[in-house]
Amino acid sequence: MSQPSAPTGDHHVDVDVVVVGAGFAGLAMLRELRDVRGMSVRVLEAGDDVGGVWFWNRYPGARCDVDSTDYSYTFSPELDAEWDWSERYATQPEILRYVRHVAEKFDLYRDVSLGSRVTTADWDEATGHWDVVCENGLTARGRYLVMATGCLSAVKRPELDGIEDFAGQVLHTADWPAEPVDLTGRRVGVIGTGSSGIQVIPAIAPSVEQLVVFQRTPTFSVPARHQVLTDADRAALRAELPQRRELLRNSPTGLSVPITRRSALDDDEETRRRHYEEQWASAGFGFLLAYNDLLVNKASNDTAADFIRGKIAERVPDPELAEKLTPRTYPYGAKRPCVDTGFYETFNRPNVTLVDISESPLAKVTATSLHTTTTEYELDVIVFATGFDAMTGSLLRPTITGRDGETLREHWRSGPLTYLGLATAGFPNMFIVAGPGSPSLLGNVMVSIEQHVDWISELLTRSAAEGTPTIEAAPDAEAEWVVRVNAAAAPTLYMEAASYYLGAEVPGKPRVFMPYAGGLRRYRRECDEVAQAGYRGFTRTA
Ligand code: NA7
């Protein structure tokens, strides 16, 4: 295949593949397509460096919820051998160092255009190419378009009356300034208690003068059991790496947690309690996998949820406060569960106040204060930890126009329609990495990314070899896959929470369950079977 016709910095590039996003997915795609498959690639990245979510989410306390060794690329034994993670859950700065190291080691920067936010992508039917335009004027043309834009990158800023009048500082966890923010001695309000809020709240509480946390829905969180890795830990992890990688690949979750076949109801109360205690003491995120039916059987789920509720009561001695922090309206795990280091205990501090905004919602902002419907809170800083327009936001913010002038926004007006989560009918030669319709956020996204990168790359290579470079998901295959995605979610408890899996995080967003809930292992099998059947469900033409 051809070499790029213009280096980084020029105004137009012509390549085989235009990739949008230089996070873990986009960089893996670039390396595989360029260095293994011999294609020319240009990656367009909105940020000023590679890293995706790990570039933007620089808030205090930001770290991964997945063990570092499970949240790493697996394509290079040399990379594994030379990289040492310093902690069980890597911090955002360490992950960013890792991504930069990978970009340098594999000479990826030369094919990445930084500071290039994509605004439009248009399918040119006459030539069978995508024309892509960036906000900075850069244009790119490629036979293929790969959207590696991430599930959690379209930042959500809830509308708050008067926010522009606030005289203090307004921050968002997912768009935290690169320069240090000194919160010492300031009165800070944090809105949101999802994974980001749960990390930032304990991280800043000791240094701020006052911290007011505005909570809409209480969260289930279990201790992360974070630890600094010693040389001995690292040696042990290295020795275990082959088995861990095998577990990752074959697991429904993409985590190297051994899968149990036991239901929570198989154990009597005392045995179950002991088992939960053991898990509580070490499992971190893996607590959700303590039994095999916590996400499908309400009675089983109740046992785990009750256990966590009991722990919240132990961690927060004031019963009224503990009750406010206790989730009661949805099953454990039906919203993305959190892991924490001292989150609930933070509310025992005298300088921290919890405000239940389900009782008295946020009303307005003035120059000095954030007001709920009942009370005024004087603040110096407002931190939004309000998350993202998840899964579809980053795909729908640019205008992507496919065959016959239909935009992706129009095609997905009732919710995302994909075949295998990888492609969408009417958008030939466009592929999505770890997007809706694939397991994406329901497992370790690193495993999903690498599976998609391999699968898409193989499809492009085979299509080139067979003289059928134009590839499109057939409408009936897409329709059938959407039914399968819904069917996989239907028996689960995911349907019982207003979560971002269901599009509930953005008012007016279609309420459909977006990720594929059948598990990574089953999904990988489905994709492999489609490939073995000559890419069944895809139309491939010259
Ligand atoms: P999340 O998990 O979507 O959490 C967002 C939080 O912000 C959550 O507590 C929301 O409450 C709250 N929120 C959102 N919108 C509002 C408004 N309008 N008013 C008040 N409160 C609001 O995002 P995170 O950034 O914490 O985590 C994202 C992912 O990063 C996470 O899943 C991990 O994969 C890592 P709600 O529950 O909607 O009532």
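Reading guide: rules and limits
Residues numbered from 1 in each chain as written. Predicted model: local features only at pLDDT ≥ 70, side-chain atom pairs only at ≥ 80, totals over all residues. Heavy atoms only, no water. Axes fitted to C-alpha atoms, helices over the stretch in contact; angles between N-to-C directions. Helix = DSSP H or I, 4+ residues; strand = E, 2+ residues; numbered from the N terminus. Parallel < 35°, antiparallel > 145°, perpendicular 65-115°, else oblique. Left-handed = near helix turned anticlockwise from the far one by under 90°. Contact = heavy atoms within 4.5 Å. Nonpolar A, V, L, I, M, F, W, Y, C, P; charged D, E, K, R; others polar. Expected span 1.5 Å × (residues − 1). Buried < 20%, exposed > 50% of the residue type's maximum accessible area, 1.4 Å probe, protein only. Arc of directions from axis to C-beta. pLDDT = per-residue confidence, 0-100. Patch = residues over 30% accessible without salt bridge, like charges linked within 9 Å, V, L, I, M, F, W, Y side chains within 5 Å. Areas by Shrake-Rupley, 256 points an atom, 1.4 Å probe, with all protein chains shown as cover. Salt bridge = Lys/Arg side-chain N within 4 Å of Asp/Glu carboxyl O. Lys, Arg positive; Asp, Glu negative; His and termini not counted. Charge placed at Lys NZ, Arg CZ, Asp CG, Glu CD. Pairing = 2+ DSSP bridges. Phe/Tyr/Trp six-rings, centres within 6.5 Å; stacked < 30°, edge-to-face > 60°. Polar contact = N/O pair within 3.5 Å; in protein donor to acceptor, adjacent residues only side chain to side chain. Right-handed = clockwise from strand over helix to strand, strands pointing away. Core = buried A, V, L, I, M, F, W, Y, C linked by side-chain atoms within 4.5 Å. Near = heavy atom within 4 Å.

Student: Talk me through the packing of helix H7 (residues 269-282) against helix H8 (residues 298-315); I want residue IDs and the actual numbers.
Tutor: Here H7 crosses H8 at 60°, and the two axes come no closer than 11 Å. One finds that H7 runs oblique with respect to H8. Where H7 crosses over H8, the two elements pack in a sense that is right-handed. Contacts from Arg272, Arg273, Tyr276, Glu277 and Trp280 of H7 reach H8 at Ser300, Thr303, Ala304, Phe307, Ile308, Lys311, Glu314 and Arg315. Tallied by class, the residues present in the contact of H7 with H8 amount to 5 nonpolar, 2 polar and 6 charged.

Student: Which residues make up helix H15 (residues 520-532), and what values do they have?
Tutor: Helix length check: H15 (13 residues) gives 18 Å between terminal C-alpha atoms against 18 Å at 1.5 Å per residue, within 8%. Buried within H15 we find Leu520, Tyr523, Arg524, Glu526, Cys527, Val530 and Ala531. Viewed end-on, H15 has its buried residues packed into an arc of 160°, placing them on one side of the element. Packing partners of the buried residues in H15 comprise helix H6 (231-250), helix H13 (445-465), helix H14 (475-489) and strand S20 (538-541). Note on H15: the residue one or two positions beyond its end, glycine 534, has a positive phi of about 70°.

Student: If you had to explain the confidence of the model for the protein chain to someone new, which residues and values would you point to?
Tutor: Of the residues in the protein chain, 98% reach a pLDDT of 70 or more, and the chain-wide mean stands at 96. Taken as a whole, residues 1-7 scores under 50 in pLDDT and shows 18 contacts with residues more than four places along the chain or in a different chain.

Student: Hey, could you go over a positive patch on the surface for me, with residue numbers and the actual values?
Tutor: On the surface, Arg261, Arg521, Arg522 and Arg525 cluster together to form a positively charged patch. When you line up the elements, arginine 521 lands in helix H15. For arginine 521, a relative accessible area of 41% puts it in the partly exposed group.

Student: A description of the sheet that holds strand S14 (residues 369-372) should follow, citing residues and the corresponding values.
Tutor: The strand order across the open sheet formed by 3 strands is S13-S14-S15, and the pairing between neighbours is antiparallel. Every other strand in the sheet has two partners, leaving strand S13 (362-365) and strand S15 (376-378) as the edge strands with one partner each. Neighbour to neighbour, the strand axes of the sheet diverge by 25° on average, direction disregarded. Bridge count for S13 against S14 is 3 bridges, and the pairing is antiparallel.

Student: Give a detailed account of the packing of aromatic side chains, specifying residues and quantitative values.
Tutor: For the structure shown, the criterion picks out 34 aromatic pairs. Measuring from ring centre to ring centre gives 5.3 Å for tyrosine 276 and phenylalanine 307, while their planes differ by 40°; the resulting arrangement is tilted. One end of the pair, tyrosine 276, is in helix H7; the other, phenylalanine 307, is in helix H8, with 31 residues separating them in the sequence. Exposure remark for tyrosine 276: the relative accessible area of 2% places this residue in the buried category. Its relative accessible area of 6% is what places phenylalanine 307 among the buried residues.

Student: Give me the lowdown on the sheet that holds strand S8 (residues 187-191), citing residues and values where you can.
Tutor: Pairing in this open sheet of 5 strands is parallel, and the strands run S7-S16-S8-S9-S12 from one edge to the other. This sheet does not close on itself; its edge strands, each paired only once, are strand S7 (169-172) and strand S12 (352-356). Neighbouring strand axes in the sheet, compared pairwise and without regard to direction, differ in orientation by 20° on average. With 4 bridges connecting them, S8 and strand S16 (residues 381-384) associate as parallel partners. Bridge pairing in S16 places valine 190 opposite valine 383. On top of the sheet, helix H5 (residues 195-204) reaches S8 and strand S9 (210-215); it is set at about 165° to S8, its chief contact.

Student: A description of H8 should follow, citing residues and the corresponding values.
Tutor: One turn of an α-helix holds 3.6 residues; hence residues three or four places apart share an orientation. Between its first and last C-alpha atoms H8 spans 25 Å; for 18 residues at 1.5 Å apiece the expected length is 26 Å, and the two agree. Turning to H8, its buried residues number three or more, namely Ser300, Asn301, Thr303, Ala304, Ala305, Phe307, Ile308, Arg309, Lys311, Ile312 and Arg315. Regarding H8, its N-cap is asparagine 297, as a side-chain oxygen of that residue lies 2.9 Å from the backbone nitrogen of alanine 299 further along.

Student: Can you explain the pairing of S8? Please cite residues and give values.
Tutor: Most of S8 is tucked away, with 4 of its 5 residues classed as buried. Relative to S9, S8 is paired through 5 bridges, and the arrangement is parallel. Residue arginine 187 lies in a different strand from S9, and its bridge partner there is glutamine 210. With respect to chirality, the unit in which S8 leads through H5 into the neighbouring parallel S9 is right-handed.

Student: Which residues make up the nonpolar core, and what are the values?
Tutor: Of all hydrophobic cores here, the largest spans 130 residues; its most connected members are Phe24, Leu211, Tyr332, Leu420, Phe431, Trp455 and Phe538. Those residues in contact with phenylalanine 24 that sit more than four places away from it in its chain are Trp54, Tyr71, Tyr73, Ile95, Tyr98, Val99, Met446 and Ile449. Val118, Leu138, Met147 and Leu395 belong to the second-largest nonpolar core, a separate cluster that totals 22 residues.

Student: An account of the site of the ligand is requested, with residue identities and associated values reported.
Tutor: In the vicinity of the ligand there are 19 residues, among which Ser196, Arg216, Thr217, Lys335 and Tyr500 approach most closely. One of the backbone N or O atoms of glycine 194 is found 3.3 Å from an oxygen atom in the ligand. Lysine 335 is positioned with one of its side-chain polar atoms (N or O) 2.8 Å from an oxygen atom of the ligand. The fraction of the free accessible surface of the ligand (770 Å²) that becomes covered by protein chains is 82%. Looking at the shell around the ligand residue by residue, the classes come out as 7 nonpolar, 8 polar and 4 charged.

Student: Residue-level account of the side chain of aspartate 80, with values.
Tutor: By the secondary structure assignment, aspartate 80 is in helix H3 (residues 77-82). Since its relative accessible area comes to 15%, aspartate 80 is described here as buried.

Student: Summarise the packing of helix H1 (residues 24-36) against H13; cite the residues concerned and give the values.
Tutor: In the contact formed by H1 and H13, the axes pass within 9 Å of each other and the chain directions differ by 35°. H13 is crossed by H1, and the crossing has right-handed handedness. Here H1 contributes Phe24, Ala25, Ala28, Met29, Glu32 and Leu33 to the contact with H13, which in turn contributes Met446, Ile449, Val453, Asp454, Ile456, Ser457 and Leu460. Per-class residue counts for the contact of H1 with H13 are 10 nonpolar, 1 polar and 2 charged.

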